[in-house]
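Each chain, written out:
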Amino acid sequence: MADIPSTASPSPEEPARTSERTSRMTPPQLNTNVPHSARIWNYLLGGKDNYLADRQAGDRIRQVFPGMVDIARHSRYMLARTVRFLAEAGVRQFLDIGTGLPTVDNTHQVAQRVAAESRVVYVDNDPLVLVHAQALLTSTPQGATDYIEADVRDPGLILREAARTLDLTRPTALMLMGILGLVTDYDEARSIVNRLMAALPSGSYLALYDGTDTDPAYVEALRRHNEGPGVVPYTPRSPERIAGYFDGLTLLEPGVVPVTRWRPDPNPWGAAPEVACAGGVARRP
Ligand SMILES: C[S@@+](CC[C@H](N)C(=O)[O-])C[C@H]1O[C@@H](n2cnc3c(N)ncnc32)[C@H](O)[C@@H]1O
């Protein structure tokens, strides 16, 4: 995979230019001594917007579980296929919570390639994502993008802020890609999904993926990672529990499957290997 270009200066002393919208937000407080999931993810994806603590955390996971890079890259690829699929299905509004640092093919770029009028709201709680938000706010003139600095545990705030850009009386795709494992309590994670989906009308979609507990090396790598100082723990869950997030919705084919098996694009090398990360897409009836 090609190196992911750095999108802005990662230096806390030299934050990227901010739009009027982002400049109204809290100034970023970066603690670069503690690894953070957005920056570890960026490192695993081959990006440059990370710090020594993030690279060390990523390398510690890879030492125990070398397949971690495959999980990151195949998950990100599922995200792009999902957005393209939903845009081709007619979805024009996306609420992408747990956005991550800007990379190639961010949600608005994939959606607006299919339909230029697509509107996307990004949400993340990592201050470095806010620093780089300018790269996420490069909409087509026909569409719109916005960025909200918020915690997924505050669905009320997210919905209120998202309503500035999205018409939440119209079908919207809620994306929770690789974030619910960072909510340790399963019932709380389910309640977050339910509260967000309850605010969206019939014809809306839920798209998510998360790490599974199906590979002992991955589980062990995360157990060690979670013991690190200041780390927000990531909890891999059974595929059944991940499927539980879709209860009450109409799950689309092929259901909740390893991310490599979710509507893969044809390629000359055959099926990608299964990875310990499962996802799916469902429609609100
Ligand atoms: C594993 S990354 C996934 C990034 C992206 N969705 C993707 O699929 O490539 C998880 C993202 O969730 C964000 N995040 C973690 N905990 C969060 C929280 N409580 N509220 C909002 N965002 C959170 C992290 O900052 C990070 O950007």
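Residues numbered from 1 in each chain as written. Predicted model: local features only at pLDDT ≥ 70, side-chain atom pairs only at ≥ 80, totals over all residues. Heavy atoms only, no water.

1. Some words on the pattern of salt bridges
Here the structure, examined in full by the defined rule, presents 14 salt bridges. The partner of Asp126 in a salt bridge is Arg39, with the nearest N and O atoms 3.6 Å apart. Here Asp126, found in the loop between strand 2 (119–124) and helix 6 (127–131), pairs with Arg39, found in helix 2 (residues 37–44); they are 87 residues apart in sequence, far enough to count as distant. When the shortest N-O distance is used, the salt bridge between Asp265 and Arg84 registers 2.6 Å. Here the residue Asp265 occupies a position in the loop between strand 7 (257–258) and strand 8 (277–283), and Arg84 occupies one in helix 4 (residues 68–88), the gap between them amounting to 181 residues. By relative accessible area, Arg84 is classed as partly exposed at 31%. (Salt bridge = Lys/Arg side-chain N within 4 Å of Asp/Glu carboxyl O. Helix = DSSP H or I, 4+ residues; strand = E, 2+ residues; numbered from the N terminus. Buried < 20%, exposed > 50% of the residue type's maximum accessible area, 1.4 Å probe, protein only.)

2. Description of the packing of helix 2 against helix 3 (residues 52–64)
The interhelical angle for the contact between helix 2 and helix 3, taken along N-to-C directions, is 65°, at an axis separation of 8 Å. The element helix 2 and its partner helix 3 pack so that their crossing is right-handed. Mapping the contact onto sequence places Arg39, Ile40, Tyr43 and Leu44 in helix 2 and Asp54, Arg55, Ala57, Gly58, Asp59 and Arg62 in helix 3. The class makeup of the residues in the contact of helix 2 with helix 3 is four nonpolar, one polar and five charged. (Axes fitted to C-alpha atoms, helices over the stretch in contact; angles between N-to-C directions. Left-handed = near helix turned anticlockwise from the far one by under 90°. Contact = heavy atoms within 4.5 Å. Nonpolar A, V, L, I, M, F, W, Y, C, P; charged D, E, K, R; others polar.)

3. With respect to the site of the ligand
Taken together, the neighbourhood of the ligand is formed by 21 residues, with Trp41, Gly98, Asp124, Met177 and Tyr209 sitting nearest. Asp124 places a side-chain nitrogen or oxygen 2.6 Å from an oxygen atom of the ligand. Coverage of the ligand by the protein chains reaches 96% of its 600 Å² of free accessible surface. Listing elements by their share of the shell around the ligand, those giving two or more residues are helix 2 and helix 4. (Near = heavy atom within 4 Å. Polar contact = N/O pair within 3.5 Å; in protein donor to acceptor, adjacent residues only side chain to side chain. Areas by Shrake-Rupley, 256 points an atom, 1.4 Å probe, with all protein chains shown as cover.)

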